[in-house]
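Below are the chains, spelled out letter by letter.
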Amino acid sequence: MDDKVNLTSSLDPVTFEVLRNAFVTVVDQMAEQVRRTCYSFVVYNRDFSNALCDANGNTVAQGNQDLAAHVGTLHYTCKAVIAEFGDDVHDGDVFLVNDPYVGGTHFSDTRVLVPIFVGGELIAWSQANGHWADMGGSVPGSFDVSARDMFKEGIRVPPVKIWRRGEYCGDVAKLIAKNTRDPDAIIGDMDAQTQACKIAEREIQRLAEKYGLETIKTAFADVQDYVERAVRRRLSELPDGSWETVDYVDQDPTATEGMIPIRVKMTITDDAVEFDLAGSHPTIGSMYNCAYGGTFAAIVAGMKTFFPEIPLNSGLYRTVTVSAPQNSIISAEWPVAVSGFVMPFEKIMNSIFELFSIIMPERAMACAFNIEYLQTGGLDARTDQRPYFMLYDWLAGGWGGRNGKDGLSATAACFGVGLMIQPVEGQERMSPVRTDRFEMVTDSGGPGEFRGGVGLDKAGTLLEVENCVFSYFCDRERSVVWGIEGGLPSRPHGLWLEQDGKAEFLGAVFSDVPVRNGAKFWRGTAGGGGYGDPLKRDPNKVLLDVEDDYVSVERAERDYGVVIQIIDEELGEYAVDEAATTDARQEIAAQRKGWLEEDPETVAARFRDGDIDMYDVIRRYGVICDWGTGELLPNSTRDYRASMQRRSVPNWA
């Protein structure tokens, strides 16, 4: 333990450490309660988070698998409950809120809060956040990408009481649940979250009885002070200065073609850091907007990634100042649609990764894939009752290559690495959708001296459904996952649908598409971006990638300039042709800057004619097309080429 930890604490070091870890354990116990008693398969697969807050709503502790993206907003919703109810908070009360405009994320993330009293004094709050699979609204799953305001997104719940002085407010709970497509699951998840909060209440009261009330209150303050000191010490070791970058959401579906910029400027002064998002785009005509709470959470989650040894609580928040322009895509206000907040959220996180990579190169990391959700809803015709079903599915993908290491493959999104990937056996039991293929994707990792992790493909068939629709909530179809320090991009996201004998690319942004029995679909996630010039990758590492099916023989030559001889493909025996590799690398080095200046329309035409593939279009030429038709997207190409010119070209020898 750092010998400076308790300089301002009245607690002895042993008591401090015992209580600091006890608070985390309490939150972990909450997680076990939620997971073992929830009704929703979404919540069961860990799309939930918990926190312990002090009497003022400041976060004291999160659990070991809680999603930082959630935890970074829980203090806001706790403070919103305190502000709303004032002195009308009593032992036996239970509160519920899902309002993103008071610091939450989106309507699906519904928080249950319990005030914790000891000796008649309010000393803390426990809070359980669960992502409820449906909140009503215009489409199953409540993610309508066409929503321009919140009224298509489901029920908005301001801070309300669902238990009052120990008496259950069943009318309030039913009012909320009956506005959704699965009210039984909503009530079940609400109860699970309530009981999780009650576990924290009992444990904190037990600790207060054992150590004394004043000791517990002191420990609440001290663990936050400890984190603040630790973060300030780390920041003070970094150089002062300002750094800035830009990333993009793919599009505004209601506007002309072109990517939507999110600009982030980071300034470190002494032991504090400021993030200024001025210049980010105004709100757009879809649900891909983020309220301020989500933006703040993205920033602290991005920082936490680079300080993994430091706990996350409100002590970290004290070191951070965030400036976000009002009515922008990263600071949307009521009634602008925000259910897709995670799309700008992950652009902010990856921007933080990039900026800290500049000043902490030992932990540098390229862009990670973007989380995606497929929502399928309709009637389950496997039984005569025709119950309503919802399949709410997300995939893992690849993280960016790192300084000295390849990126992680098939890993949960940076939004929350505690999120589990749903088992297909459970999905098939609960919905009439069969999984036909689920596998890692060769060549999906961004090429670099250190390769990005690889993504996944998943395909399925609708079996016995009625009145069924698809909605797909995704991004990085056009703002393709990028590399840094000379690294190359991954691949686009998007979904293909085949029905009535016709296959169609629907892209990464659509809602309420009718689908019928026998329809087949497939989609994939990107890998991570590459780190460093791919021509510097050890040819023997490329050979191992080919042997492991991470990289194909063809793309080993086209992306890395490594020529692989096939000795016995069935046995996986290959060898590097060293002389041919030297020639191939010299040829790529001589031509690659020129490739990024070729006429984009000519490149798109070659793609449509089948002369080059999608990977060539993205990685060699920096061109963005409609991946179904091959039509050039000139504005997106302009911005994507500028990204490659900034992140990759300067590091090519």
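Residues numbered from 1 in each chain as written. Predicted model: local features only at pLDDT ≥ 70, side-chain atom pairs only at ≥ 80, totals over all residues. Heavy atoms only, no water.

Tallying secondary structure elements over the protein chain gives 16 helices and 22 strands in all. Here the protein chain has a C-alpha radius of gyration of 25 Å; the compact-globule value for 653 residues is 26 Å, and the two agree. In terms of its C-alpha atoms, the protein chain occupies a principal-axis envelope of roughly 80 × 65 × 50 Å. Counting every position in the protein chain, which comprises 653 residues, the buried fraction comes to 62%. Surface accessibility of the protein chain: about 23600 Å² in total, with carbon and sulfur atoms responsible for 48%. With 63 positive and 99 negative side-chain charges, the protein chain shows a separation of 2 Å between the mean positions of the two kinds. (Helix = DSSP H or I, 4+ residues; strand = E, 2+ residues; numbered from the N terminus. Rg over C-alpha atoms; globule rule 2.2 N^0.38 Å. Buried < 20%, exposed > 50% of the residue type's maximum accessible area, 1.4 Å probe, protein only. Areas by Shrake-Rupley, 256 points an atom, 1.4 Å probe, with all protein chains shown as cover. Lys, Arg positive; Asp, Glu negative; His and termini not counted. Charge placed at Lys NZ, Arg CZ, Asp CG, Glu CD.)

Here we take up the layout of surface pockets. In this structure, the largest pocket spans a volume of roughly 650 Å³. As for the largest pocket, its lining consists of 32 residues, and the residues nearest its centre are Gln-62, Gly-63, Asn-64, Lys-304 and Leu-312. Per-element accounting of the lining of the largest pocket gives the leading share, four residues, to helix 1 (residues 13-37). Grouping the amino acids of the lining of the largest pocket by side-chain chemistry returns 19 nonpolar, nine polar and four charged. Both domains that furnish three or more residues to the lining of the largest pocket are identified here as domain 1 (2-230) and domain 2 (364-537). (1 Å grid on protein atoms, 1.4 Å probe; cavity = no way out; pocket = protein on both sides within 12 Å on 5 of 7 lines; lining within 4 Å. Points joined across faces, edges and corners; volume = space filled by probe spheres on them. Nonpolar A, V, L, I, M, F, W, Y, C, P; charged D, E, K, R; others polar. Domains from an automatic or database assignment.)

To continue, consider the pattern of salt bridges. The final tally for this structure, using the stated rule, is 43 salt bridges. Here Glu-466 makes a salt bridge to Arg-386, at a shortest N to O gap of 2.9 Å. Residue Glu-466 is found in strand 16 (residues 465-473), and its partner Arg-386 is found in the loop between strand 12 (373-380) and strand 13 (388-394); the two are separated by 80 residues along the sequence. One connected set of salt bridges, linked through shared partners, spans Arg-555, Arg-558, Asp-559, Asp-613, Asp-616 and Arg-619. (Salt bridge = Lys/Arg side-chain N within 4 Å of Asp/Glu carboxyl O.)

This paragraph deals with empty space enclosed by the protein. In this structure the tally under the stated criterion is five cavities of 30 Å³ or more. Of the volumes computed, that of the largest cavity is approximately 100 Å³. Per-element accounting of the lining of the largest cavity gives the leading share, three residues, to helix 13 (residues 578-595). Looking at side-chain class alone, the lining of the largest cavity contains five nonpolar, no polar and five charged residues. The calculated volume of the second largest cavity comes to roughly 80 Å³. Together, 14 residues line the second largest cavity, and Leu-391, Val-433, Thr-435, Lys-458 and Phe-521 are the ones closest to its centre. Elements that contribute at least two residues to the lining of the second largest cavity include exactly strand 13, helix 10 (424-430), strand 14 (433-440), strand 15 (456-462) and strand 20 (520-524). Partitioned by chemical class, the residues of the lining of the second largest cavity number six nonpolar, three polar and five charged.

Let's shift gears to the sheet that holds strand 12. Pairing is antiparallel across the open sheet formed by four strands, whose spatial order is 13-12-16-19. Because the sheet does not close on itself, it has two edges, and the strands there are strand 13 and strand 19 (509-515). Mean inter-strand twist for the sheet, computed between neighbouring axes without regard to direction, equals 15 degrees. (Pairing = 2+ DSSP bridges. Axes fitted to C-alpha atoms, helices over the stretch in contact; angles between N-to-C directions.)

Quick look at the domain arrangement of the protein chain now. Per the domain assignment, the segments of the protein chain are domain 1 (2-230) and domain 2 (364-537). The distance between the C-alpha centroids of domain 1 and domain 2 comes to 30 Å. Of the roughly 2000 Å² buried between domain 1 and domain 2, counting both surfaces, carbon and sulfur atoms make up 71%. Three residues, Phe-41, Pro-140 and Phe-143, lead the burial of domain 1 against domain 2; their summed loss comes to 31% of the area buried on that side. The tally of links from domain 1 across to domain 2 stands at zero salt bridges. Of the residues that constitute the side of domain 1 that touches domain 2, the class distribution is nine nonpolar, seven polar and seven charged. (Buried area = accessible area lost by both parts, 1.4 Å probe.)

Turning our eyes to something else, we now look at the packing of aromatic side chains. Across all of its chains, the model carries 34 aromatic pairs by this definition. Ring geometry for Trp-163 against Tyr-168: centres 5.1 Å apart, planes inclined by 45 degrees, an arrangement best described as tilted. Among the residues examined, Trp-163 registers a relative accessible area of 25% and is labelled partly exposed. Take Tyr-168: its relative accessible area is 38%, and that puts it in the partly exposed class. (Phe/Tyr/Trp six-rings, centres within 6.5 Å; stacked < 30°, edge-to-face > 60°.)

This part is about the sheet that holds strand 18 (residues 502-507). Strand order across the open sheet formed by five strands is 14-15-20-17-18, with antiparallel pairing between neighbours. The sheet is open, and its two edges are formed by strand 14 and strand 18, each paired on a single side. Here the average twist between neighbouring strands, direction ignored, is 15 degrees. Pairing geometry for strand 15 and strand 20, over five bridges, is antiparallel. Following the sheet pairing, Lys-458 is matched in strand 20 by Arg-523.

As for its position among the elements, Lys-347 is in helix 9 (residues 342-359). Judged by relative accessible area, Lys-347 falls into the buried class, the value being 0%. Those residues within four positions of Lys-347 in sequence are excluded, and the remaining contacts are Asp-247, Tyr-248, Val-249, Ile-262, Asn-370, Asp-475, Arg-476 and Ser-479. (Contact = heavy atoms within 4.5 Å.)

The next subject is a negative patch on the surface. On the surface, a cluster of negative charge is contributed by Glu-547, Asp-548, Asp-549 and Glu-573. If you trace the backbone, Asp-549 turns up in the loop between helix 11 (539-547) and helix 12 (553-560). (Patch = residues over 30% accessible without salt bridge, like charges linked within 9 Å, V, L, I, M, F, W, Y side chains within 5 Å.)

What follows covers the nonpolar core. Phe-23, Phe-275, Phe-356 and Phe-415 are the most contacted members of the largest nonpolar core, which totals 176 residues. Here the element with the most residues in this core is helix 9; it accounts for ten residues. The residues that make up this core include at least three from each of domain 1 (2-230) and domain 2 (364-537). (Core = buried A, V, L, I, M, F, W, Y, C linked by side-chain atoms within 4.5 Å.)

Attention shifts here to the packing of helix 3 (residues 68-85) against helix 7 (residues 292-306). Remark: helix 3 packs on helix 7, axes separated minimally by 8 Å, with the N-to-C direction vectors making an angle of 130 degrees. The orientation of helix 3 relative to helix 7 falls into the category oblique. The two elements helix 3 and helix 7 meet at a crossing, and its hand is right-handed. Contact with helix 3, carried on its side by Ala-68, Ala-69, Gly-72, Thr-73, His-75 and Tyr-76, involves Tyr-292, Gly-293, Gly-294, Phe-296, Ala-297, Val-300 and Ala-301 of helix 7 and no other residues of that element. Here the residues of the contact of helix 3 with helix 7 are counted per class, giving eight nonpolar, five polar and no charged. (Parallel < 35°, antiparallel > 145°, perpendicular 65-115°, else oblique. Left-handed = near helix turned anticlockwise from the far one by under 90°.)

Of the two faces of strand 3 (residues 94-97), the one carrying Val-94 and Leu-96 and the one carrying Phe-95 and Val-97 are both buried. Alignment of strand 3 against strand 6 (residues 160-164), held across three bridges, turns out to be antiparallel. Among the inter-strand pairings, Phe-95 is bridged to a residue of strand 6, identified as Lys-161. In this sheet, strand 4 (residues 109-118) lies alongside strand 3 in antiparallel orientation, the contact comprising three bridges. By the bridge assignment for strand 4, Val-97 is matched with Arg-111.

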